[in-house]
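# Coordinate inspection notes
Below are the chains, spelled out letter by letter.
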Amino acid sequence: MQIAKILKADKVLTTRAHYAKQKGKSLPDNPYSWNESTIVAVLERMDYCGHTVNFKSYSKSHKLKKRIPTTKEQQAIFRNTHEAIVEEAVFERVQELRANKRRPTKAERQGMFSGLVFCADCGSKLHFATCKSFDGSQDNYRCARYKSNTGDCTAHFIREEVLRKIVLNRIFAVTAMFYEDITAFMELIQKQRFDEAEKDMKRKQREVRQARKRIAELDRIFKRIYEDDINGTISHERFLKLSAEYETEQKELTEKVNAEQQEVDTYEQNKSDFDSFAAIIRKYVGITELTPTIVNEFIKKIVVHAPEKIDGKRFQKVDIIFNFVGEIHLPTDPQTEQKKANKQEKTA
């Protein structure tokens, strides 16, 4: 709806009005009145990535005009059939952001990192907490499962002001290393992200092969017990019980294969994503402050750990996962910026 309001204020023609203008037809009464559902349809349209998506809907009968949307699994995607107007990485990022919708609070402030911050212990999101009496420096994020010490998790609390400094310092450090020695930076990304994941991916590939082998074996077993049922070698009740067990196992294996194969495919795709991350760095070189756009382009996820006291001082570990390349461990102490920021939080 916010996008719709912006388009209306900028007097951008709606899709219907644009089509009418192209065809030389009269424009609708409200040519700039964008609808929220139209914006959603545009943001979710994979065709803009250069792919053709078929079987998006179906009808139960030729007598019924109503079309029923299909699931993504039922759709057929033919890749690279025409020129793309949106990069696929941007499209995927938009889908991730839409899955974590951000709504303005009653204080009319919106957390810059809302939907991106997660608890290191329970995995829940850290909710943005503010109120009208806060001056901004008190805005913070806290674990959704903490609930004022009545939940089942501890208070993973961090001020937005502190988190903003941590993220900005981290982006500066990564950008500086990129420009100082791009070759060393590429080698660091390769070693930390891909070499560490290589063993895990090989294990998943082995599991996928074994699962597929078991699925094929279950097909043969099912065929044998079906023949035994027809011949009377086993009772029909026994056949029904065995077939139900085998079908359940096969279904679970199929779901596992699909999930792990997707991870393997994603891993292979990520190996070629360094150029995309480099483009983001070049795009925002010399930034002095964070904006929601910069955060969304750089950051995929932020993981906040529970605070701990070391020599009477409060420290808190924050993991920053970047888009395309994941978490980056620089040769220097990875927690330097975090410690400085948290010292400031303590004095505040």
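### Some words on the pattern of salt bridges
This structure, assessed with the given rule, holds 10 salt bridges. Two residues, Arg98 and Glu44, come together in a salt bridge whose shortest N-O distance is 2.8 Å. A residue pair is termed long-range when its members are at least 10 positions apart, and Arg98 in helix H4 (residues 88–99) and Glu44 in the loop between helix H3 (36–43) and strand E1 (52–54) qualify at 54 residues. Residue Glu44 is classed as partly exposed on the basis of its relative accessible area of 43%. Put simply, Asp47 and Lys56 hold a salt bridge, and the shortest N to O gap is 3.1 Å. Residue classification places Asp47 among the buried positions, given a relative accessible area of 15%. Linked by salt bridges that have partners in common, Arg93, Glu96 and Lys300 make up one network.

### A few points about the sheet that holds strand E12 (residues 318–322)
If you trace the 4 strands from one edge of the open sheet to the other, you get E5-E9-E12-E13, paired in mixed fashion. The strands lining the two open edges of the sheet, one partner per strand, are strand E5 (117–119) and strand E13 (326–327). Along the sheet, helix H5 (residues 160–180) contacts E5, strand E9 (299–304) and E12; its crossing angle with E12, the most-contacted strand, is approximately 50 degrees.

### Details of the side chain of His156
Mapped onto the elements, His156 comes out in the loop between strand E7 (140–143) and strand E8 (158–159). Under the relative-accessibility criterion, His156 is labelled buried at 0%. Among the polar contacts listed, one links the side chain of His156 to the side chain of Asp121, at a separation of 2.8 Å.

### A word on the state of the cysteines
Within the structure shown, the criterion is met by 0 disulfides. Just so you know, Cys143 is unpaired, no disulfide at all, and the nearest cysteine sulfur is the one on Cys122, 3.5 Å from it. Since its relative accessible area comes to 2%, Cys143 is described here as buried.

### Quick notes on unusual backbone geometry
Phi angles above zero are rare outside glycine, and Phe55 is one such case at about 60 degrees. A positive phi angle, close to 75 degrees, is found at Phe324, a residue other than glycine.

### Describing the packing of H5 against helix H8 (residues 274–283)
Across the interface, H5 lies against H8 with an axial gap of 11 Å and an inter-helix angle of 105 degrees. By the angle between their directions, the pair H5 and H8 is classed as roughly perpendicular. Two secondary-structure elements touch here, H5 through Val174, Thr175, Phe178 and Tyr179 and H8 through Phe274, Phe277, Ala278, Ile281 and Arg282. The class makeup of the residues in the contact of H5 with H8 is 7 nonpolar, 1 polar and 1 charged.

### Details of the confidence of the model for the chain
Across the chain, the average pLDDT comes to 81, with 86% of residues at or above 70. Every residue in residues 333–348 is under pLDDT 50, and counting partners more than four places away or in other chains gives 31 contacts.

### Some remarks on the pairing of E7
Bridging between strand E6 (residues 126–129) and E7 involves 4 bridges; their strand directions are antiparallel. Note that in E7 the partner of Ala129 across the bridge is Asn140. Examined bridge by bridge, E7 and E8 share 2 bridges and lie antiparallel to one another. If you follow Asn140 over to E8, its bridge partner there is Arg159.

### Structural notes on the sheet that holds E8
The sheet built from 3 strands is open, its strands ordered E6-E7-E8 with antiparallel pairing. The open sheet terminates on both sides in strands that have one partner only, identified here as E6 and E8.

Conventions and cut-offs
Residues numbered from 1 in each chain as written. Predicted model: local features only at pLDDT ≥ 70, side-chain atom pairs only at ≥ 80, totals over all residues. Heavy atoms only, no water. Salt bridge = Lys/Arg side-chain N within 4 Å of Asp/Glu carboxyl O. Helix = DSSP H or I, 4+ residues; strand = E, 2+ residues; numbered from the N terminus. Buried < 20%, exposed > 50% of the residue type's maximum accessible area, 1.4 Å probe, protein only. Pairing = 2+ DSSP bridges. Contact = heavy atoms within 4.5 Å. Axes fitted to C-alpha atoms, helices over the stretch in contact; angles between N-to-C directions. Polar contact = N/O pair within 3.5 Å; in protein donor to acceptor, adjacent residues only side chain to side chain. Disulfide = S-S within 2.5 Å. Parallel < 35°, antiparallel > 145°, perpendicular 65-115°, else oblique. Nonpolar A, V, L, I, M, F, W, Y, C, P; charged D, E, K, R; others polar. pLDDT = per-residue confidence, 0-100.

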